[in-house]
Amino acid sequence: MSLPGRPVWLGKPKPVAVALKALALVLISAVVIFPFLTVVSTSLATKQQIDENGGYVLWPTKISFEAYYQIFNGTQVARSIVISVGVTLVGTAFSLFCTVLAAYGLSRRGSLFQRGLLSFVLLTLLFGPGMIPVYLMVKQLGMLNTYWSLIIPGAVSAFNIVIVRGFIQGIPKELFDAARIDGAGEWRILWSIVLPLSRAVIAVVGLFLAVGYWNNYFGPLLYLNDTQMWPLQLVMRTFVLQNNVTSTAASIPGYVAPPTQSVQMALVAIATIPILCVYPFLTKHMSKGMLTGAIKG
Amino acid sequence: MTLKQALPRVAPQSDETRQTSQKAPFLARLWRDAPLLVMVAPAAIVLLLFTYVPLLGSVIAWMDYVPFLGFTGSDWVGWDNFTALFSDPSFWTAVWNTVQITFLQLVLFFPVPILLAVLLNTVALPVAKKFVQSVIYLPHFLSWVIIVALFQQVLGGAGIVNRFLITHGLSPFDVMSNPDTFKLLLTTQAIWKDAGWGTIIFLAAIAAIDPGLYESATMDGAGAWGRFWHITLPGMRPIIVLMLILRLGDSLTVGFEQILLQRDAVGPGAAEVLDTFVYYNGVVDGNWGTATAAGLLKGVVSLFLVLAANKLAHRFGEEGVYKR
């Protein structure tokens with residue numbers, strides 16, 4: 001039997017080497033998967049089992065959705081989830097809007113000011129302003145304590161522009177020429193040729209942006225004073241890392257609160273789920289698409 | 001590699017559009033390219049407002065900045081902020097911690113993705129390779145809040161490992177709040193999160209090596225070790241050097257969010273790094289001038305480090321991030 005990935009001239013692998021390699025791969029995978037398993041298990045376990053095991057569960061004997069029930073009934077966590085979803089959607093849309101427009105606007109060599117504007121964008125790769133001047137700028141513009149502070153300051157990254165631009169420059173020139181002869185303007189070309197052809201790279205950049213907005217924790221910590229406005233990551237920090245679970249559903253008569261441990265783990269699970277949902281799409285495109293885009297520049 | 005090729009070429013003159021556009025009068029070009037300029041405008045405005053203007057705003061490093069008085073009303077104080085910074089022992093603690101963490105990560109973290117990539121490359125079963133790749137890339141996309149929570153769940157004082165140790169009559173150890181091992185903990189977390197993701201670029205480098213080299217080496221009697229040492233490693237060398245340069249240029253940036261989340265558990269003595277120093281000094285304590293000075297110093301030193309690392313790469317005959 002010869003394996004598809006193994007050339008014939010290498011001959012048969014040594015059984016010991018194969019066994020060691022397999023063991024290493026299993027261990028590496030286990031180190032990554034194990035924490036997730038305990039999180040999901042603990043979030044679904046009953047209070048009794050968690051108490052018996054002393055704070056964690058590897059495999060719930062009886063599944064209970066109490067923790068999730070409490071989270072979605074509590075006002076603060078539920079609200080923070082809505083806020084996170086909103087900021088992620090609006091932020092990704094705004095960021096993609098700027099990125100794709102700029103990428104096409106800078107893609108044609110020899111257009112007016114093209115070189116100057118490109119250098120203007122690329123120079124930001126070499127140095128960035130410190131945290132304090134940006135903070136003061138956000139404050140100066142009256143964006144403190146608004147969701148715009150989470151969306152706009154980091155919306156444009158030269159790196160993303162370079163990737164999308166590289167992709168657009170790979171589109172055959174004849175397509176543009178033909179469209180121009182048929183009387184299409186730049187906006188029409190962008191809409192009818194560039195956007196449909198670069199859907200893949202836009203999807204990947206968009207997913208990366210969305211993950212960034214969803215995971216953003218320092219932005220809200222820096223810019224939002226009002227805890228009512230906090231997104232999920234910040235609320236999760238307070239509940240899980242600072243052990244500050246407020247029993248929001250406790251006022252319901254006859255209600256027995258689920259153990260804090262499972263509520264904490266349910267929160268972690270909820271924050272992870274959106275990432276897991278987009279992850280297959282990320283892996284499908286990223287290694288190939290991102291690398292070629294980045295290297296081609 | 002990316003930067004060098006991304007920077008505008010000096011002489012793409014063979015481009016036809018370019019030659020015709022050079023002849024066209026300015027107004028005609030403006031009329032023709034106006035839509036393109038409008039398209040670049042949103043991104044350019046965001047970069048102007050949140051990168052270039054704040055860069056100019058760094059002048060408050062030489063001011064006694066009072067938010068109430070603003071830029072125009074605050075007094076210029078010369079180099080006072082820098083002198084204050086240099087005589088502040090907590091600043092030097094932050095510098096020292098940053099350097100220590102960078103060094104630890106360079107020694108312990110940097111080789112891991114390279115070794116992982118080599119290991120993955122030898123996996124002949126495509127299903128197994130794909131599965132392991134999917135698993136080890138995943139942590140890269142999780143937020144630091146989740147990662148720290150996971151580590152607490154497993155390694156914390158009430159975590160799984162310590163429960164196990166206690167029930168088996170061994171003494172527990174709480175690595176999550178131990179200042180002595182904090183830097184090792186940070187490095188472990190960084191490896192768990194990003195080592196898998198880091199393999200991508202090295203796998204690409206290995207894939208670019210000519211398979212014929214391996215075949216002829218095997219014919220000449222080279223074993224697995226010989227092929228690794230004489231073909232795989234030299235083939236990866238340019239990418240390894242490139243990544244090393246990028247890491248060196250980033251020496252002063254060591255996991256800001258990660259450390260901010262755990263700083264309170266171990267105290268600033270072990271956990272204060274340059275970025276957290278700027279945050280606590282500036283935003284929390286309101287020493288705007290000193291904090292900006294610290295941030296500015298960090299930026300300047302970082303730029304210098306990139307340039308120096310590149311020079312070093314050139315000396316060793318590698319290409320580096322940009323050409324000479």
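Refer to the structure above for everything that follows.
Residues numbered from 1 in each chain as written. Chains lettered and ligands numbered in written order. Predicted model: local features only at pLDDT ≥ 70, side-chain atom pairs only at ≥ 80, totals over all residues. Heavy atoms only, no water.

Regarding the overall build of chain B
In step 1: Along the backbone of chain B there are 17 helices and two strands.
In step 2: For chain B, buried positions account for 48% of its 324 residues.
In step 3: Of the contacts formed within chain B by residues at least 6 apart in sequence, a portion of 63% connects residues at least 24 apart. (Helix = DSSP H or I, 4+ residues; strand = E, 2+ residues; numbered from the N terminus. Buried < 20%, exposed > 50% of the residue type's maximum accessible area, 1.4 Å probe, protein only. Contact = heavy atoms within 4.5 Å.)

A look at the pattern of salt bridges
Two side chains that carry opposite charge are able to pair once their charged atoms sit near each other.
In step 1: This model, assessed by the stated rule, comprises six salt bridges over all chains.
In step 2: R108(A) is the salt-bridge partner of E186(A), the closest N and O atoms lying 2.7 Å from each other. Of this pair, E186(A) sits in helix α10 (residues 186–197) while R108(A) sits in the loop between α4 (75–105) and α5 (114–122); the two residues are 78 residues apart in sequence, bridging distant segments of the chain. No difference in accessibility class separates E186(A) from R108(A), as the two residues are buried.
In step 3: A salt bridge links R263(B) to E272(B); the shortest N-O distance between them is 2.8 Å. Both residues of the pair, R263(B) and E272(B), count as buried.
In step 4: Linked by salt bridges that have partners in common, R108(A), E186(A), R32(B) and D33(B) make up one network. (Salt bridge = Lys/Arg side-chain N within 4 Å of Asp/Glu carboxyl O.)

What about the interface of chain A and chain B?
In step 1: Contact residues are listed per partner, giving 101 residues for chain A and 97 residues for chain B.
In step 2: At the boundary of chain A with chain B, total buried surface from both sides reaches about 8,900 Å², with 78% on carbon and sulfur atoms.
In step 3: A salt bridge links D33(B) to R108(A), with the nearest nitrogen and oxygen atoms 3.0 Å apart.
In step 4: Connecting chain A to chain B are ten residue pairs in polar contact (both at pLDDT 80 or more). (Buried area = accessible area lost by both parts, 1.4 Å probe. Polar contact = N/O pair within 3.5 Å; in protein donor to acceptor, adjacent residues only side chain to side chain.)

Observations regarding the packing of aromatic side chains
In step 1: Under the criterion given, the structure shown has 26 aromatic pairs over all chains.
In step 2: On the numbers, 5.8 Å between centres and 65 degrees between planes, the contact of Y279(A) with F141(B) is edge-to-face. Pair noted here: Y279(A) is in helix α14 (residues 260–296) and F141(B) is in the loop between α8 (126–137) and α9 (144–155), and the two residues belong to different chains.
In step 3: Classification of Y279(A) as buried rests on a relative accessible area of 8%.
In step 4: The class of F141(B) is buried, set by a relative accessible area of 1%.
In step 5: Through a chain of ring-to-ring contacts, the aromatic side chains of F208(A), Y279(A), Y137(B), F141(B) and W197(B) assemble into a single cluster.
In step 6: Across from the ring centre of Y280(B), 3.6 Å away, lies the NZ or CZ of R263(B), which sits over that ring. (Phe/Tyr/Trp six-rings, centres within 6.5 Å; stacked < 30°, edge-to-face > 60°. Lys NZ or Arg CZ within 6 Å of the ring centre and 35° of its normal.)

Comments concerning the packing of α4(A) against helix α13 (residues 232–241) of chain A
Residue and element names in this part refer to chain A.
In step 1: Across the interface, α4 lies against α13 with an axial gap of 8 Å and an inter-helix angle of 150 degrees. Within the contact between the two elements, α4 uses Q76, V77, S80, I81 and S84 and α13 uses L232, Q233, V235 and F239.
In step 2: Residue composition of the contact of α4 with α13, grouped by class: five nonpolar, four polar and no charged. (Axes fitted to C-alpha atoms, helices over the stretch in contact; angles between N-to-C directions. Nonpolar A, V, L, I, M, F, W, Y, C, P; charged D, E, K, R; others polar.)

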